[in-house]
Amino acid sequence: MLVSSLAYIPPDTHSCVFRLIHRTHPLALQIREKEQTDIDLMSIEIGNLTLENVTSLIAEALDMDDDTVKNLATIVHKKTSGNAFFVLMFLRSLHDEELLTYNFGIMKWTWDDDTVNAMLATENVATVLINKLKRLNTRTQNVVKVASCLGAKFSLSAVAAITDNLRTSELRRLSSIEQMPPLTEDEDDNTTSNLGSSLHELQGEGLWEVESGDADICHFGHDKIQTAAFELIPLSKRDTFRGKIGNILLEKLDPDKLESSLFEVVSLRNCSMGNITDEDERTELAKMNLRAGMKVSNS
Amino acid sequence: MYSSDNRLISYHKLKASKNAAFDSAAVYFKAGYKLLGPSGWGIDQQTMLTLCSQGANACFLSGDLDTMNKLLAEVLSQDISIQDKFVAYEVNCLAIYAAGDFMGAIDTAIDVRRQLGLSTFKNKPVNTLIIIKEFIKTKRTVGSRTAEEIANLPDLTDERVVMGQRMLELLFTSSIDVSKNLKLEDLCLVK
């Protein structure tokens, strides 16, 4: 509604649109398009939160006054530099680790400043995110690992196709020759409906968002989440894992989709090129690289 | 400055603006080359040739000159036709020109034209009489045709001549850099 309204803003109108949206959001795209026309759009960038902002935010969230949460707010602000996304992540993390709990006896949120301080002293944003992802169930972790290999923005159908294929014979074969550990603890449990619940869980945790214009496209809530998810894959297995994902995409994508995802598929397959011994397969991948190179040169 | 020189500079500016794209392209070409390996020429000659030639071009434009030289050497050492080697020669010529060795670029371009079987003068000073003679000859060939008429001439279809013309363009630009005093008539020396 807002997007379509924006399309009809007359040139002399003074309108104010608050945006706290991702750069790929349709509204962001519409705004960028409008910036090319004669409509005078002023963009006000919102910086990081100040200590006062963080204090107010936490006080509001915990239904307490500013003075009570001041120490907690100071610790959180120090670790997050006031990045709103990370402030929320830290608070959720404290709750997940039961360092911030709701005491039903006194009907208040409680925490211990020293414990929180000690925990946060050893953790940075990256480790908080990794720990958060590790608390997800194994199936959901696998979904997020797969997605992290596909990029900051990815197709849910591609994730589904990959997880479906990794759970069956391919996965079993890989596990049996010990090239890669099983991605799922219980393969039979990894059904499409369970994939849906994983996606729901990830969305609920604010780890990724579905594009409003296309329900099949998702993006990570922050690039550090993608990095953290990727780091869940053991270093020694990453290239094999990405190569396997590339092979599945090659097999499953229809020709049009494959052409539009050519760079991603080739890059993924290249990760494990050292493991390819079959001459035909090497030649076929070399030809794909040639196609990708020509495509990007002519773009 | 001559129009063809401007055109070449514009061409390079355009290519420079696309350097980021060539960085990515180089990654794919190098990966393909690595996959086929030294025996690639025996496995799939056409793929290997394109990977090496286009890879050399992408490496040149992205500044990876070591890999460019390696890929060029691969192509130029093969027992294949001059037409097949043309892209590699063109990149080689541009790289020599970009390094400031204008005389080297002229020698290379003349050599390529010779290999293509196109008549080309020797790279040595000529006297003014020859310049005037070639100028008159060219003027007669052009006759009373206007610039528009010349521009509307049918496109060249002979691949060999097209390649020769591309070398001529490089040759011309290098010649200007060798001697800033060259006049348009000098171009007439190259038939």
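Residues numbered from 1 in each chain as written. Chains lettered and ligands numbered in written order. Predicted model: local features only at pLDDT ≥ 70, side-chain atom pairs only at ≥ 80, totals over all residues.

Caption draft 1: How the structure looks around the overall build of chain B. On a plain count of helices and strands, chain B comes out with 10 helices and 0 strands. Going from N to C terminus, chain B has its helices and strands arranged as α-α-α-α-α-α-α-α-α-α. When each of the 191 residues of chain B is scored for burial, the buried share is 33%. Across chain B, every contact between residues at least 6 apart in sequence was considered, and the portion connecting residues at least 24 apart equals 62%. (Helix = DSSP H or I, 4+ residues; strand = E, 2+ residues; numbered from the N terminus. Buried ≥ 20, exposed ≤ 12 C-beta atoms within 10 Å, placed from the backbone. Contact = placed C-beta atoms within 7 Å.)

Caption draft 2: Representation of the overall build of chain A within the structure. Summing up its helical and strand segments, chain A has 16 helices and 5 strands in all. Taking all 299 residues of chain A together, the buried fraction comes to 29%. Sequence-distant contacts in chain A: of pairs separated by 6 or more residues, those separated by 24 or more amount to 56%.

Caption draft 3: Structural context of the confidence of the model for chain B. Residues and elements named next belong to chain B. Averaged over every residue, the pLDDT of chain B is 84; the share at 70 or more is 84%. Within chain B, helix H4 (residues 45-62) carries the highest mean pLDDT (95), whereas helix H1 (residues 3-17) carries the lowest (55). As a predicted assembly, this complex carries a pTM of 0.71 together with an ipTM value of 0.78. (pLDDT = per-residue confidence, 0-100.)

Caption draft 4: Region of the structure containing the pairing of strand S5 (residues 217-220) of chain A. All names here are of chain A. The sheet contact formed by strand S3 (residues 153-155) and S5 spans 3 bridges and is antiparallel. Within S5, the position partnered with serine 155 by the bridge is isoleucine 217. Judged from the 3 bridges that link them, strand S4 (residues 208-210) and S5 form a sheet pairing that is antiparallel. Bridge assignment links valine 210 to a residue of S5, and that residue is cysteine 218. Where S4 folds back onto S5 in an antiparallel hairpin, the turn is made up of 6 residues. (Pairing = 2+ DSSP bridges.)

Caption draft 5: Just the nonpolar core, in detail. One finds Val159(A) and Ala56(B) to be the most contacted residues of the largest nonpolar core, which totals 97 residues. Per element, the largest residue contribution to this core is 10 residues, and it comes from helix H2 (residues 19-36) of chain B. Once residues within four sequence positions are removed from consideration, Val159(A) is found in contact with Val143(A), Val146(A), Ala147(A), Leu150(A) and Phe154(A). (Core = buried A, V, L, I, M, F, W, Y, C linked by C-beta atoms within 7 Å.)

Caption draft 6: Region of interest: the interface of chain A and chain B. Across the contact, 17 residues belong to chain A and 17 residues belong to chain B. Residue contributions to the side of chain A that touches chain B peak at 13 residues, all from helix H16 (residues 279-297) of chain A.

Caption draft 7: Here's a closer look at the packing of helix H3 (residues 51-62) of chain A against helix H4 (residues 66-80) of chain A. Residue and element names in this part refer to chain A. The contact between H3 and H4 brings their axes to 8 Å, and the two run at 120°. As the angle between them shows, H3 and H4 are arranged oblique. Relative to H4, the crossing made by H3 is right-handed. Between H3 and H4, the residues in contact are Leu51, Val54, Thr55, Ser56, Ile58, Ala59 and Leu62 and Asp66, Val69, Lys70, Leu72, Ala73, Thr74, Val76 and His77, respectively. Here the contact of H3 with H4 is built from residues that sort into 9 nonpolar, 4 polar and 2 charged. (Axes fitted to C-alpha atoms, helices over the stretch in contact; angles between N-to-C directions. Parallel < 35°, antiparallel > 145°, perpendicular 65-115°, else oblique. Left-handed = near helix turned anticlockwise from the far one by under 90°. Nonpolar A, V, L, I, M, F, W, Y, C, P; charged D, E, K, R; others polar.)

Caption draft 8: Spatial organisation of the confidence of the model for chain A. Here chain A averages 79 in pLDDT, and 78% of its residues register 70 or above. Predicted confidence is poor over residues 169-190 of chain A, with pLDDT under 50, and the contacts of this stretch with residues over four places away or in other chains come to 29 contacts.

Caption draft 9: Structural view of the sheet that holds S4(A). Residue and element names in this part refer to chain A. Read across the sheet, 3 strands follow the order S3-S5-S4 without closing on themselves; strand pairing throughout is antiparallel. This sheet does not close on itself; its edge strands, each paired only once, are S3 and S4. This sheet shows a mean twist of 30° between the axes of neighbouring strands, independent of strand direction.

Caption draft 10: Fine view of the pairing of strand S1 (residues 100-103) of chain A. All names here are of chain A. Bridging between S1 and strand S2 (residues 108-111) involves 4 bridges; their strand directions are antiparallel. Looking across to S2, one finds that tyrosine 102 is bridged to tryptophan 109. With antiparallel pairing between neighbouring strands as the criterion, S1 and S2 make up a hairpin whose turn holds 4 residues, including methionine 107 at a positive phi of roughly 55°.

Caption draft 11: Highlighting the environment of Arg113(B). Examined against the element boundaries, Arg113(B) turns out to sit in helix H7 (residues 102-115). Residue contacts for Arg113(B): discarding those within four places in its chain leaves Leu118(B), Thr120(B), Gly164(B) and Met167(B).

Caption draft 12: Representation of helix H8 (residues 138-150) of chain A in the model. Residues and elements named next belong to chain A. Relative to the 18 Å expected for 13 residues at 1.5 Å per residue, H8 spans 19 Å between its end C-alpha atoms, a close match to the ideal helical length. Counting buried residues along H8, 12 of its 13 residues qualify, which places the element largely inside the surrounding structure. Within H8, burial applies to Arg139, Thr140, Gln141, Asn142, Val143, Val144, Lys145, Val146, Ala147, Ser148, Cys149 and Leu150. Note on H8: the residue one or two positions beyond its end, glycine 151, has a positive phi of about 115°. (Expected span 1.5 Å × (residues − 1).)

Caption draft 13: Region of interest: unusual backbone geometry. Residues and elements named next belong to chain A. Notably, aspartate 63 is not glycine yet its phi reads approximately 60°, a positive angle. For aspartate 63, the location among the structural elements is in the loop between H3 and H4. What makes aspartate 63 exposed here is the crowd of 9 C-beta atoms within 10 Å. A positive phi angle, close to 55°, is found at serine 81, a residue other than glycine. Secondary-structure assignment places serine 81 in the loop between H4 and helix H5 (84-96). Given 11 C-beta atoms within a 10 Å radius, serine 81 is considered exposed.

Caption draft 14: Fine view of H16(A). Between its first and last C-alpha, H16(A) extends 27 Å over 19 residues, near the 27 Å set by a 1.5 Å rise per residue. Listing the buried residues of H16(A) in full gives Leu285(A), Ala286(A), Met288(A), Asn289(A), Leu290(A), Ala292(A), Gly293(A) and Val296(A).

Caption draft 15: Structural detail: the packing of helix H6 (residues 82-98) of chain B against helix H10 (residues 159-178) of chain B. All names here are of chain B. Following both chains from N to C, one finds H6 and H10 inclined at 5°, their axes separated by 11 Å at the closest point. By the angle between their axes, H6 is roughly parallel relative to H10. Touching Gln83, Phe86, Glu90, Cys93, Leu94 and Tyr97 of H6 are Glu159, Arg160, Met163, Arg166, Leu170 and Ser174, all from H10.

Caption draft 16: Just the environment of Ile106(B), in detail. All names here are of chain B. When you line up the elements, isoleucine 106 lands in helix H7. Isoleucine 106 gets classed as buried once you count the C-beta atoms within 10 Å, which come to 22. For the pair isoleucine 106 and glutamate 90, spaced 16 residues apart in sequence, the C-alpha separation works out to 12 Å. Residues within four places of isoleucine 106 in sequence aside, it is in contact with Asn123, Leu171, Ser174, Ser175 and Val178.

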